[in-house]
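For reference, the chains in residue letters:
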Amino acid sequence: MINKRYKADEWQIIEESFNPEQQEMAESVFSIGNGQMGQRANFEESYSGHTLQGTYIGGIYYPDKTRVGWWKNGYPEYFAKVLNAPSWIGIDIYVDSEKLDLATCKLKRFRRTLDMKKGLLERSFSVTMQNGKNIEVDTVRFVSMVRQEAGAIKYTIKTDSRCEIQIVSYVNSDVRNADANYDEKFWNTTFTEINELSGVIVAETKKTAFTVATGFTTIVEKNDKTVTFNPACEHKDEQVSQIFAISANDGDEIIIYKYVSVNTTLQYSVDELLKKCKSNLSIFRILGFKQLLQEHID
């Protein structure tokens, strides 16, 4: 089925149309990783169709109690489960107040590529939204092979008419495992911070007490010029967000750069986590997407 579904190529897996019924499988096929963290190929923007969100960190686990351990010989009482970690890819897009969602838009073009030579997940699509607005989107995402705590996204939007675009860039720690034996939630959020420059969520695993700081910073450009305005900041439940509002005309190109640092107590003490996370984000902003990408590809 994979051979029929995806185009043959020496280094790339290529999908040239979107099949919602196979989205969860595609999220697995197009997944990325760098040895320290891995991630399913979930969409950055909201998607109300079938999807299985997944971000994972090597060495972070939880002893999930099995449902059969006490009555079947040979079964352990607990399984060491790899945990779905706080999600950092989220970039919700609103066009004239309507949320971009490939489950509700009229999809005109779709292409998704996993480039295994360069270590890139790329996606390109064009849609007509329910409000009649036409937009084109191109995304590039990677987790760095050089800076293994770093992730980066370039999210480009083009429109063919005047519209108001709202961008919600966020990190969310309200995550669960689909295979949890008792539908248990495995994380406690211990700290959150959001300001005009960056946002951070610190979460700790139950029982095993691994602590993870997931931080992000967002830069928005319009027609190759950085938009110099302060985003609104929102802290809601277990999500911290930066919110940007920008006007676009026919032919305008909006580019969102999102840089992420994921730091854990496997490498640092709890007291060092927040400082290291914020320091990384400052470095990533200075280096920029082009340099982070090139050193990763090299």
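I will try to describe carefully the structure that is included in this document.

Quick notes on the rules
- Just so you know, the residues in each chain are numbered from 1, in the order the chain's sequence is written.
- Where totals are concerned, whole chains, interfaces and linings use all residues; where local detail is concerned, this predicted model gives features only for residues with pLDDT of at least 70, and gives and counts side-chain atom pairs only at 80 or more.
- The side-chain quantities take in all heavy atoms of the structure and omit both hydrogens and water.
- Secondary structure is summarised from DSSP: a helix means a run of H or I of at least four residues, a strand means a run of E of at least two, and numbering begins at the N terminus for each.
- As defined in this context, the radius of gyration uses C-alpha atoms, and a globule is described by 2.2 Å times the residue total to the power 0.38.
- For the exposure calls, accessible area comes from a 1.4 Å probe over protein chains only, and a residue counts as buried if that area is under 20% of its type's maximum, exposed if over 50%, partly exposed in between.
- Residue contacts follow a heavy-atom distance rule, with two residues in contact if any of their heavy atoms lie within 4.5 Å.
- His is not counted, nor are the chain ends, whereas Lys and Arg count as positive and Asp and Glu as negative.
- To locate a charge, take atom NZ for lysine, CZ for arginine, CG for aspartate or CD for glutamate.
- The patch calculation keeps residues exceeding 30% relative accessible area without a salt bridge and links them within 9 Å when they carry like charges or within 5 Å when they are nonpolar (Val, Leu, Ile, Met, Phe, Trp, Tyr).
- The protein chains shown are the only cover counted for residues, whose accessible areas, like all others here, come from Shrake-Rupley with a 1.4 Å probe.
- Criterion for a salt bridge: a side-chain nitrogen of Lys or Arg within 4 Å of a carboxyl oxygen of Asp or Glu.
- Note on pairing: two strands pair once DSSP finds at least 2 bridges between them.

With respect to the overall build of the protein chain
Then comes step 1: On a plain count of helices and strands, the protein chain comes out with 3 helices and 20 strands.
Then comes step 2: Radius of gyration (C-alpha) of the protein chain: 20 Å, near the 19 Å computed for a compact globule of 298 residues.
Then comes step 3: Evaluated residue by residue, the protein chain yields a buried proportion of 51% over its 298 residues.
Then comes step 4: In the protein chain, of all internal contacts separated by at least 6 residues, the share reaching a separation of at least 24 is 66%.
Then comes step 5: Computed over 36 positive and 41 negative side-chain charges, the separation of the two mean positions in the protein chain equals 2 Å.

Some thoughts on a negative patch on the surface
Then comes step 1: A surface patch of negative charge is lined by E136, D138, D160 and D250.
Then comes step 2: Inspection of the secondary structure assignment puts D138 in strand β11 (residues 134-143).
Then comes step 3: Its relative accessible area of 30% is what places D138 among the partly exposed residues.

Overview of the sheet that holds strand β3 (residues 37-39)
Then comes step 1: With antiparallel pairing, the 3 strands of this open sheet are ordered in space as β2-β3-β4. The sheet is open, and its two edges are formed by β2 (32-33) and β4 (55-57), each paired on a single side.
Then comes step 2: As defined by bridge partners, β2 adjoins β3 across 2 bridges and the pair is classed as antiparallel. Bridging from a neighbouring strand, I32 pairs with Q39 of β3.

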